[in-house]
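The chain contents come next:
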Amino acid sequence: MKLRFEGDIQELLAGIQRLLPELDVQFSEDGIPVLVEGPLDTQDDALEVSYERGQGMIRFSKKHQFFRGLGLLVQHLRSGDDFRVLEKQQFDQIGPMFDLSRNAVLTVDGFKAILNKLALMGMNTVMLYMEDTYEIEGEPYFGYMRGRYTKEELKEIDDYADSFGIEAFPSIQTLAHLEEFLKWEPVKSYRDTKGALLVGSEQTDKLIEKMIESATAPFRSRKIHIGMDEAEELGRGKYLDLNGYQDRFDIMVSHLDNVLAAVRARGLKPMMWSDMFLKLASGKGDDYYDKETTIPEDMARRIPKDVDMVYWDYTHTEPEDYTKVIDNHRPLGCNLVFAGAVWIFNTFGVNYGLSLNASDVALQVCKEEGIREVYATMWGDDGNEGNPFAALLGLQLYAEHAYTEGTPSQAQLAQRVKLCTGVEMEAFLLLKDLDEIPGQEPNNAKQSNPSKFLLYQDVLLGLFDKQIEGLALNDHYAKLELAIQNKRDKNAALDYLFEMPEKLSAVLKRKSEIGIRLKQAYDTQDHATLRHIAEVELPAIAAAVTELRLAHRTQWLRMFKPFGWEVIDIRYGGVLTRLDTAAMRILDYAEGRIPRIEELEQERLVYSTTNRWNHKGVGWCSHYYRMASPNVFYHVLNPF
């Protein structure tokens, strides 16, 4: 397809040139004429795209809308019929938050690749969550060996985003979630607890000023997210030793005042996670989602009003769950922003069953409640085996909600994600089946992650074997491997995303139930089966794990900086070496060199109360080291 643009496109040209190859479209004088009108000074944030009598037209209010319009134009032109699409933007700002702090730091090229997709979707903002992955002059341990961005890299990302009218801005931490910086002995003077800063310290205040200056300097935007979530440790470490017991709300407000002073001095517009204020008000063990929470008037009076509060909620699927917590925020008197999620947390796949359902409900409630700014978080908990490119279907849902008054249809979502990403919706949805297995709660509502714990669990210890008894998971993963193979499109630029899930399915069709069979053979003294497992099946699993590791490494290095991959490499190495040891011990027993295998003598117990017998899914584990072994990986007597 060839297009010729008519009108003033000077400010759009760089973005057009970057996106036309994505759309397989050429910029040509003999192409279809497309009249470009905008940006128009209108109040309704309207986008109009049409093709009539051989003439295309894109009329828009904001720069970013043009690029969504470009995608819509190409999408409908391919149908061959005249058309007219009129959309009104439902949110002032909508976009993703990329977790760049849990080992997987997108390269600049990786960031640009995903910005191309966001531009076609019509997103107009992107938040970079950086705990310690940006440079601070005079603080060499800040982000040391963690793939931190240079100022030049962040400026390049910002420039690229701006070419599409996308506002990029930093999200940092100015209180807690700083474990990876505070772990270094040379910076212990900043440390209150393992992950929280020592507030009330002049030295800490100076550090925070440098954080704010360094994080915001590369960006055009004057916005900054100052974090402050999940700071339950606040005032309970060195601060307690120095100051005695102080009310946590008093500490929090005093520290917030200091942070905001640094923000205001630079003319910045701050936002922060809201959970600590609602937890402190709930009186029920830090319950953020307690529907009965009431913000006391004296508390509300002391909270600054020039900081936006970001309400985060990733799991609820009933409208009243959102409306009630939104109501709980109202007495704070601050502008309210919403953050939902696309679940790439703690898994090799994407929990689309939960993500799409929760997001659909949350975004509709946000429209009804007048919330004008919305983000989709994609956290990378526990090492980040997943990746944000696999979450593009979820981001597409956010985009379609942003331009649809009601709820976008499944057909609309499918058409748009195919245009914007080159991948069919059905292919993306297969990624949920890495975790959405037999025995699961509907739509994996309890966030079970068997794709991770079944890979990393030890075959001799079988920590999760009781969780999955009788579920025929070998068959499930064999069918999933074939389904992924059949849905792949070798001509699609993002087809490589499915290589690792396919290889993981190939591992789990062999490994998921091997511990159960091994225990049964041992208990019945079936030496022939034990020998076959040791000599044939475990080596086959090891070979499949090796293929998986290579596919995963290729994917990682294609989108992320190398720092952090060593963690995943070590995990794969652990799987392989334990398979080797298991084969040796089984043969030693089967051939009479040892009298028993102590690990297989142990009764298999349910891993946790998160299991299918009490309707909580098939299990969830947040930490690799708890999947791999019940024994001590590390023990720190004095972490402070």
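All values derive from a computational prediction rather than experimental measurement. (Residues numbered from 1 in each chain as written. Predicted model: local features only at pLDDT ≥ 70, side-chain atom pairs only at ≥ 80, totals over all residues. Heavy atoms only, no water.)

Asks: So what's going on with the packing of aromatic side chains? Which residues, and what values?
Replies: Applying the stated criterion across every chain yields a total of 38 aromatic pairs. Seen from their ring centres, Tyr 144 and Trp 184 are 5.4 Å apart, and the 65° between their planes marks the pair as edge-to-face. Of this pair, Tyr 144 sits in the loop between strand E8 (125–129) and helix H4 (151–162) while Trp 184 sits in the loop between helix H5 (179–182) and helix H6 (202–216), and the two are 40 residues apart along the sequence. When its relative accessible area of 23% is taken as the criterion, Trp 184 is described as partly exposed. (Phe/Tyr/Trp six-rings, centres within 6.5 Å; stacked < 30°, edge-to-face > 60°. Helix = DSSP H or I, 4+ residues; strand = E, 2+ residues; numbered from the N terminus. Buried < 20%, exposed > 50% of the residue type's maximum accessible area, 1.4 Å probe, protein only.)

Asks: I'd like a description of unusual backbone geometry, backed by residues and values.
Replies: Glycine aside, the phi torsion of most residues is negative, and most peptide linkages are trans. With an omega of 0°, the peptide bond running from Gly 38 to Pro 39 counts as cis. Looking at the element boundaries, Pro 39 is found in the loop between strand E3 (32–37) and strand E4 (46–52). Of note, Asp 45 is a non-glycine position whose phi angle comes to about 50°, a positive value. As for its placement among the helices and strands, Asp 45 is situated in the loop between E3 and E4. We classify Asp 45 as buried; its relative accessible area is 11%. Unlike most non-glycine residues, Asn 384 shows phi in positive territory, near 65°. With respect to the helices and strands, the residue Asn 384 is situated in the loop between strand E14 (373–378) and helix H13 (392–402).

Asks: Run through the nonpolar core, naming residues and quoting values.
Replies: Formed by 220 residues in total, the largest nonpolar core has its most connected members in Phe 66, Phe 111, Met 211, Phe 277 and Leu 455. When neighbours within four sequence positions are excluded, Phe 277 is seen to be in contact with Phe 249, Met 252, Val 253, Leu 256, Met 272, Ile 295, Met 299, Ile 303, Met 309 and Leu 332. (Core = buried A, V, L, I, M, F, W, Y, C linked by side-chain atoms within 4.5 Å. Contact = heavy atoms within 4.5 Å.)

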